[in-house]
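Tertiary structure, described
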Amino acid sequence: MATRKTTTSRVTRKKPRTMPRTAKARTGKLRVWGGIDLGGTKIEAVVVDARGEVLGQARHPTPGKGGPGEVVREMYGTLEEAAISAGLATPRLSGIGVGAPGSVDANHGTLAHATNVVADWEKPYPLAADLGDLVKGRVVLGNDVQVAVAAEYRLGAGRPYRSVLGVWWGTGVGGGLVLDGTPWRGRGGAGEIGHMVVKPDGALCGCGRRGCLEAYAGRASMERKARKEVHRGRRTQLFDIMRDKGRPRLSSGVWMTALQKKDGLAIALIDRAIEMLGAAIASAINLLDVEAVILGGGLGTRLGPEYAGRIAESMYPHLFIPERAPLIHVAELGDLSGAIGAALLAEPRM
Ligand SMILES: [Zn+2]
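All residue numbers refer to positions counted from 1 along the written sequence of the respective chain. Restriction of local features to residues with pLDDT of at least 70 applies here, the model being predicted, together with a cutoff of 80 or more for giving and counting side-chain atom pairs; totals for whole chains, interfaces and linings are based on all residues. Each side-chain value is derived from all of the structure's non-hydrogen atoms; neither hydrogens nor water enter the calculation.

**Here we look at the overall build of the protein**
- Helix and strand content of the protein: eleven helices and twelve strands.
- Whereas a compact globule of 350 residues would reach a radius of gyration of roughly 20 Å, the protein reaches 20 Å, a difference of no more than 12%.
- When its C-alpha atoms are laid out on the principal axes, the protein stretches across 60 × 50 × 35 Å.
- Buried positions account for 55% of the 350 residues belonging to the protein.
- Any two residues whose heavy atoms approach within 4.5 Å at even a single point are treated as in contact. Excluding contacts between residues fewer than 6 apart, the proportion of contacts in the protein whose partners are at least 24 apart in sequence is 63%.
- Counting every atom, the protein has about 16,100 Å² of accessible surface; 52% of that belongs to carbon and sulfur. Secondary structure elements are taken from DSSP: a helix is a run of H or I of four residues or more, a strand is a run of E of two residues or more, and numbering for both begins at the N terminus. The quantity called the radius of gyration is restricted to C-alpha atoms. Its globule counterpart is 2.2 Å times the number of residues to the power 0.38. Any residue under 20% of the maximum accessible area for its type is buried, any over 50% is exposed, and the rest in between are partly exposed; the area is computed with a 1.4 Å probe on protein chains only. Note on areas: these come from Shrake-Rupley sampling with a 1.4 Å probe, and a residue is covered only by the protein chains present in the view.

**Considerations on the pattern of salt bridges**
- The salt bridge definition used is simple: a Lys or Arg side-chain nitrogen within 4 Å of an Asp or Glu carboxyl oxygen. Tallying each qualifying case throughout the model produces 15 salt bridges.
- The salt bridge partner of Arg 227 is Glu 223, with a shortest N-O separation of 2.6 Å. Of the two residues, Arg 227 and Glu 223 are both situated in helix H6 (residues 219-231); the distance of four residues between them amounts to about one turn of the helix.
- Classification of Glu 223 by relative accessible area gives buried; the value is 5%.
- Connected via shared salt-bridge partners are Lys 225, Glu 229, Arg 232 and Arg 234.

**Focus: the domain arrangement of the protein**
- Annotation comment: domain bounds sourced from an automatic or database domain assignment. Here the domain parsing of the protein yields domain 1 (23-149 + 336-346) and domain 2 (161-331).
- Opposite the six residues of domain 1 that make contact, domain 2 presents ten residues.
- Here's the idea: put two parts together, see how much 1.4 Å probe accessible area each one loses, and the total over both is what we call buried area. Here domain 1 meets domain 2 over a buried area of about 660 Å², counting both sides, of which 63% is carbon and sulfur.
- Area buried by domain 1 at its contact with domain 2 is led by Val 145, Gln 146 and Val 149, which between them contribute 77% of it.
- In this assembly, domain 1 and domain 2 are joined by zero salt bridges.
- Here a polar contact is taken to be a pair of N or O atoms separated by no more than 3.5 Å, where protein atoms must pair a possible hydrogen donor with a possible acceptor and residues adjacent in sequence count only if both atoms sit in side chains. Counting the contacts that link domain 1 with domain 2 gives one residue pair in polar contact (both at pLDDT 80 or more).
- Of all elements in the fold, only helix H4 (144-155) and helix H11 (337-346) reach the threshold of two or more residues within the side of domain 1 that touches domain 2.
- With four residues, the top contributor of residues to the side of domain 1 that touches domain 2 is H4.
- Three residue categories are used. Nonpolar comprises Ala, Val, Leu, Ile, Met, Phe, Trp, Tyr, Cys and Pro, charged comprises Asp, Glu, Lys and Arg, and polar comprises the others, including Gly. Here the residues of the side of domain 1 that touches domain 2 are counted per class, giving four nonpolar, two polar and no charged.

**Notes on the sheet that holds strand S8 (residues 164-169)**
- We call two strands paired when DSSP finds no fewer than two bridges between them. What the five strands build is an open sheet, ordered S10-S9-S8-S11-S12; its pairing is mixed. This sheet does not close on itself; its edge strands, each paired only once, are strand S10 (182-184) and strand S12 (327-330). The average angle at which neighbouring strand axes cross in this sheet is 25°, direction not considered.
- Structural elements are reduced to axes, namely lines fitted to C-alpha atoms, with helices fitted over the stretch in contact, and the angle between N-to-C directions of any two is expressed from 0 to 180 degrees. Relative to the sheet, H4 contacts S8, strand S9 (173-179) and strand S11 (292-296), its axis offset from that of S9 by approximately 50°.
- Docked against the sheet, helix H10 (residues 297-315) engages S8, S11 and S12, running at close to 165° with respect to S12.

**Brief notes about the coordination of the zinc ion**
- Donor selection uses N, O and S atoms within 2.8 Å of the metal (3.2 Å for Na, K and Ca). Since no water is included, sites may look incomplete. Coordination of the zinc ion by the protein comes from His 195 (ND1), Cys 205 (SG), Cys 207 (SG) and Cys 212 (SG), over a distance range of 2.0 to 2.4 Å.
- Tetrahedral means four donors with every angle between 85 and 135 degrees, whereas square planar (four donors) and octahedral (six donors) require angles over 155 degrees between opposite donors and between 65 and 115 for all others; sites fitting neither are termed irregular. Every donor counted, the four donor atoms about the zinc ion form angles of 103 to 117° at the centre, which fits tetrahedral coordination.

**Concerning unusual backbone geometry**
- Of note, Asp 201 is a non-glycine position whose phi angle comes to about 60°, a positive value.
- Looking at where Asp 201 falls in the secondary structure, it is placed in the loop between S10 and helix H5 (214-217).
- Residue classification places Asp 201 among the exposed residues on the basis of a relative accessible area of 70%.
- The residue Asp 289 is not glycine, and still its phi comes out positive at about 50°.

**A closer look at the nonpolar core**
- The nonpolar core is taken to be a set of buried Ala, Val, Leu, Ile, Met, Phe, Trp, Tyr and Cys residues, with the residues joined through side-chain atoms within 4.5 Å. Counting 48 residues, the largest nonpolar core has Trp 169, Ile 193, Leu 238, Trp 255, Ile 270, Leu 277 and Ile 281 as the members making the most contacts within it.
- Take this core: its biggest share by element is 13 residues, from helix H9 (residues 264-288).
- Counting residues in each nonpolar core, the second largest holds 33 residues, with Ile 36, Ile 43, Val 71 and Leu 131 among its members.

**Considerations on H10**
- Under the convention used throughout, the expected extent of a helix is 1.5 Å for every residue step, that is, one less than its residue count. Its 19 residues place the ends of H10 only 19 Å apart at the C-alpha level, less than the 27 Å of an ideal helix rising 1.5 Å per residue.
- Of all the bends in H10, the greatest reaches close to 110° and is centred on Gly 304; the proline Pro 305 follows between one and four positions later.
- Buried residues in H10 make contact with S8, H6, helix H8 (252-260), H9, S11 and S12. Bend angle per residue: angle between axes fitted to the 7 residues ending at that residue and the 7 residues starting there.

Here it is in structure tokens:
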């Protein structure tokens with residue numbers, strides 16, 4: 001990533017699932033990397049070449065039972081399947097990267113506070129060493145959103161720019177920064193735009209603090225608010241749509257359908273989320289003056305360009321230099337950005 005950007009790599013949303021084309025022949029001499037995106041509901045694995053092109057992929061559900069050890073075994077199984085679909089064996093991989101939610105210690109290869117993966121995963125667990133033993137190779141860890149933003153920067157919507165802010169709008173609101181060609185990780189915790197304060201002493205956030213952006217825009221917070229409103233007697237189709245779709249939660253698809261049906265509560269909560277996103281992103285722009293914002297995450301990609309435009313509008317009044325408003329793009333790599341970004345993490349050029 002510190003090197004100059006390549007313009008030849010091309011993995012776009014229109015053509016993301018490049019499946020193995022006689023991968024065996026192609027990878028005879030080429031170096032290939034594995035990437036795993038560890039999520040609360042699914043584990044996504046890819047095998048990519050040095051240009052970031054996807055040679056194989058696989059997806060498994062995250063095990064609901066068992067501890068971190070069980071999760072690591074499933075990660076290995078998913079990666080093995082991705083490697084097989086690329087016509088390879090896992091020991092053939094030059095390196096493996098993992099993007100994970102929670103608190104990543106890249107130097108020690110540990111993951112802590114990954115409670116949306118395993119309910120009691122609080123203490124640091126030696127994920128890199130454990131998975132490394134199974135794959136018999138080097139494993140590098142990174143934050144899930146930061147690696148997804150790095151992938152968009154190098155191969156997706158961020159390609160034309162030197163500096164970008166990624167905003168991942170989903171269950172929570174994550175973020176990632178690339179400043180003048182360098183992924184900015186701070187001391188490991190940079191980019192947490194979801195916990196920027198948009199209203200002092202405001203709504204309670206999942207992090208336990210008050211007034212964070214995520215407390216207004218995160219899907220989990222919006223669902224809590226919607227349930228509270230229903231309890232108070234407000235009518236909404238949100239939960240009927242959820243049941244019709246057979247979902248346990250208000251997924252991005254549920255919100256999308258409710259908006260299409262012009263559900264009053266869904267519109268009000270999404271409007272409020274957009275207002276808060278605009279304020280937080282504009283504040284970040286006033287501080288960093290990056291060239292572009294990339295909008296990703298389940299809601300961000302599902303709601304797409306129309307809502308990205310609305311966020312740009314809500315950002316505008318807060319911009320100190322409005323005539324240089326950054327462009328907001330929707331992420332291009334779709335569901336695979338996390339796994340591709342993880343693979344890039346293991347690649348020495350990063
Ligand atoms: Zn918070």
